[in-house]
Amino acid sequence: MTDHSAPPLRLIVTGASGRMGRMLVKAIADHPETVLVAALDAPNSALLGQDAGLVAGVGALGVTISPDFPDSTIKADAMIDFTIPAATRLYAELAAQHHVAHIIGTTGLSADDLAFIAEQARRTCIIRSGNMSLGVNLLAAMVQKVAAALDPSFDIEIVEMHHRMKIDAPSGTAYLLGEAAAAGRQIALADHSIRSRDGETGKRPEGDIGFATLRGGTVIGDHSVIFAGNGERITLSHHAEDRSLFASGAVKAALWSRGQPVGLYSMMDVLGLS
């Protein structure tokens with residue numbers, strides 16, 4: 001629960017000149033309990049030195065976009081990070097060094113990246129999720145319950161579609177849903193997933209979780225989890241219609257991080273669904 005008597009939460013945004021970075025800056029500027037204190041971006045960004053508020057279209061905020069983590073004269077409580085895996089590793093280490101909570105929405109993270117992030121969570125509060133929206137996390141909770149209720153004769157297939165510019169596949173949200181289904185089945189997703197099919201694949205193995213990836217147009221994010229049984233199908237779906245919902249969820253996570261002990265958390269923890 002947010003403490004409305006507390007001073008505004010001081011936030012850093014990474015990738016501030018990007019599409020999600022701009023939405024995060026706007027969400028922070030619009031929220032009465034948060035304030036932007038630093039905006040970071042890559043050293044080759046064409047918008048370094050520009051006011052992050054002007055770049056985001058919310059008016060001047062007095063915070064310029066910089067490639068450097070703020071020095072000790074700028075106090076921050078949390079950092080929100082929707083960038084790329086290599087950058088997220090760097091930011092995770094910096095957040096841990098400065099004891100700043102790290103809210104991670106970056107997707108495409110490898111097993112090694114996740115292990116590195118878990119190590120940094122021994123020094124600071126980290127909240128990581130493949131999707132920050134309330135709806136997707138509620139969907140994941142339902143997927144886990146349905147997977148637990150149905151026997152392995154129900155095949156689980158996850159179908160996701162995103163815009164043509166997305167660079168990783170399957171999506172972080174698809175993995176999130178796959179992990180939820182695997183948890184319901186009490187199996188390891190890494191040992192029971194089908195990521196691609198091509199040519200003569202043979203009979204579908206019972207108990208595996210399949211992934212199908214679609215890319216095209218400007219689709220923000222569509223995800224469906226299909227439980228296909230003998231003579232019936234159950235489909236649970238989520239359709240994102242506005243990217244601002246991810247920014248709003250990330251700000252909610254940052255507010256939740258205030259006062260939390262060090263450790264690795266998810267949006268399930270933030271929303272009380274874990």
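Residues numbered from 1 in each chain as written. Predicted model: local features only at pLDDT ≥ 70, side-chain atom pairs only at ≥ 80, totals over all residues. Heavy atoms only, no water.

### Overview of the overall build of the protein chain
Our working definition: Per the convention used, a helix needs a DSSP run of H or I reaching at least four residues, while a strand needs a run of E reaching at least two, with both numbered from the N terminus. C-alpha atoms define the radius of gyration, and 2.2 Å times the number of residues to the power 0.38 defines the globule rule. Relative accessible area decides the class of each residue, using a 1.4 Å probe on protein chains only: under 20% of the type maximum gives buried, over 50% gives exposed, and in between gives partly exposed. We call two residues contacting when some pair of their heavy atoms lies within 4.5 Å.
Check the secondary structure of the protein chain and you find eight helices and 12 strands. Computed over the C-alpha atoms, the radius of gyration of the protein chain is 19 Å, within 12% of the 19 Å expected from 2.2 N^0.38 for a compact globule of 274 residues. Counting only C-alpha atoms, the protein chain reaches 60 × 40 × 30 Å along its principal axes. Here the protein chain holds 274 residues, and the buried ones make up 48% of them. Taking the intrachain contacts of the protein chain between residues at least 6 apart in sequence as the baseline, contacts between residues at least 24 apart amount to 69%.

### Points about the packing of helix H1 (residues 19-30) against helix H7 (residues 244-257)
Filter applied, for reference: The axes used here are C-alpha line fits, helices contributing only the stretch in contact, and every angle between their N-to-C directions lies in the interval 0 to 180 degrees. In what follows, roughly perpendicular refers to angles from 65 to 115 degrees, roughly parallel to angles under 35, roughly antiparallel to angles over 145, and oblique to any angle outside these ranges. Here a crossing is called left-handed whenever its near helix is offset anticlockwise from the far helix by less than a right angle, and right-handed whenever the offset is clockwise. All amino acids are sorted into three groups, where Ala, Val, Leu, Ile, Met, Phe, Trp, Tyr, Cys and Pro are nonpolar, Asp, Glu, Lys and Arg are charged, and the leftover types, Gly among them, are polar.
The N-to-C vectors of H1 and H7 enclose an angle of 55 degrees; their axes lie 9 Å apart at closest approach. Taken as axis vectors, H1 and H7 run oblique relative to one another. The way H1 lies across H7 gives a crossing that is right-handed. Of the residues in H7, those in contact with Met20, Met23, Leu24, Ala27 and Ile28 of H1 are Ser244, Phe246, Ala247, Ala250 and Val251. Along the lines of polarity and charge, the residues of the contact of H1 with H7 split into nine nonpolar, one polar and no charged.

### Focus on helix H4 (residues 111-120)
Applied cut-off: Directions pointing from the helix axis toward each C-beta atom define the arc.
Every buried residue of H4 is listed here: Asp113, Ile117 and Gln120. Down the axis of H4, the smallest arc covering the buried residues is 60 degrees, so these residues share one side. Those residues of H4 that are buried lie in contact with helix H3 (85-98), strand S5 (101-104), strand S6 (125-128) and strand S12 (263-265).

### Structural notes on the pattern of salt bridges
Here the idea is simple: oppositely charged side chains can pair when their charged atoms come close. Rule in force here: By convention in these notes, a salt bridge is any Lys or Arg side-chain nitrogen within 4 Å of a carboxyl oxygen on Asp or Glu.
This structure, assessed with the given rule, holds 10 salt bridges. Here Asp77 and Arg10 are joined by a salt bridge, their closest N and O atoms 2.9 Å apart. Pair noted here: Asp77 is in the loop between strand S3 (65-66) and strand S4 (78-81) and Arg10 is in strand S1 (residues 9-13), with a separation of 67 residues, a long-range link. Its relative accessible area of 33% is what places Arg10 among the partly exposed residues. Arg215 serves as the salt-bridge partner of Glu160, at 2.7 Å between the closest nitrogen and oxygen. With a gap of 55 residues between them, Glu160 in strand S7 (residues 155-162) and Arg215 in strand S9 (residues 209-215) connect regions that are remote in the sequence.

### Regarding the sheet that holds S9
Keep this limit in mind: Note on pairing: two strands pair once DSSP finds at least 2 bridges between them.
Judged by pairing direction, the sheet is mixed, and its five strands sit side by side in the order S8-S9-S7-S10-S11 without closing on themselves. With partners counted over all chains shown, the strands left at the sheet margins are strand S8 (193-194) and strand S11 (233-240), one partner each. For S8 and S9, the ladder comprises two bridges, and the chain directions are parallel. Within S9, the residue paired with Ser193 across the bridge is Ile209.

### Quick word on the side chain of Asp113
Looking at the element boundaries, Asp113 is found in helix H4. Asp113 sits in the buried class, given a relative accessible area of 8%. The contacts of Asp113, once residues within four sequence positions are left out, are Pro85, Arg89 and Gly108.

### A short note on the packing of aromatic side chains
The condition that has to hold: Pairing of aromatic rings covers Phe, Tyr and the six-membered ring of Trp, with a centre-to-centre limit of 6.5 Å; geometry is then stacked below 30 degrees between planes, edge-to-face above 60, and tilted otherwise. Only when the NZ atom of a Lys or the CZ atom of an Arg is both within 6 Å of the ring centre and within 35 degrees of the ring normal do we say a charge sits over the ring.
What the rule picks out here adds up to two aromatic pairs. Residues Trp256 and Tyr265 carry aromatic rings whose centres are separated by 5.2 Å and whose planes lie at 75 degrees to one another, so their mutual orientation is edge-to-face. Note on accessibility: Trp256 and Tyr265 belong to one class, buried. Positioned above the aromatic ring of Phe116, the side-chain terminus of Arg89 is 4.3 Å from the ring centre.

### Focus on the side chain of Thr14
Rules: Any N or O atom pair separated by 3.5 Å or less is treated as a polar contact, with the protein-specific requirement of one donor-capable and one acceptor-capable atom, and with residues adjacent in sequence counted only for side-chain atom pairs.
Take Thr14: it is sitting in the loop between S1 and H1. Judged by relative accessible area, which is 1%, Thr14 ranks as buried. Among the polar contacts listed, one links the side chain of Thr14 to the side chain of Asp81, at a separation of 2.9 Å. Excluding anything up to four places from it in sequence, Thr14 contacts Gly21, Leu40, Met79, Ile80, Asp81, Phe82, Thr83 and Tyr91.

### Observations concerning a nonpolar patch on the surface
Operational definition: Any residue with relative accessible area above 30% and no salt bridge may belong to a patch, with like charges joined within 9 Å and the nonpolar Val, Leu, Ile, Met, Phe, Trp and Tyr side chains within 5 Å. Per-residue and other accessible areas follow the Shrake-Rupley method at a 1.4 Å probe size, with only the shown protein chains counted as cover for residues.
A contiguous nonpolar surface patch, about 240 Å² in accessible area, is contributed by Leu134, Leu138 and Leu273. Among the structural elements, Leu138 can be located in helix H5 (residues 134-149).

### Focus: the nonpolar core
Where we set the bar: Throughout, nonpolar core names a set of buried Ala, Val, Leu, Ile, Met, Phe, Trp, Tyr and Cys residues whose side chains join them through atoms within 4.5 Å.
Judged by nonpolar contacts, the single largest core of 38 residues is most densely connected at Leu24, Ile80, Phe82 and Ile127. If one sorts the elements of this core by residue count, H7 sits on top with eight residues. With near-sequence residues (within four places) excluded, Phe82 lies in contact with Thr14, Met20, Leu24, Gly105, Thr106, Met132, Phe246 and Ala250. Counting 21 residues, the second largest nonpolar core, distinct from the first, contains Ala147, Ile156, Leu177 and Phe227.

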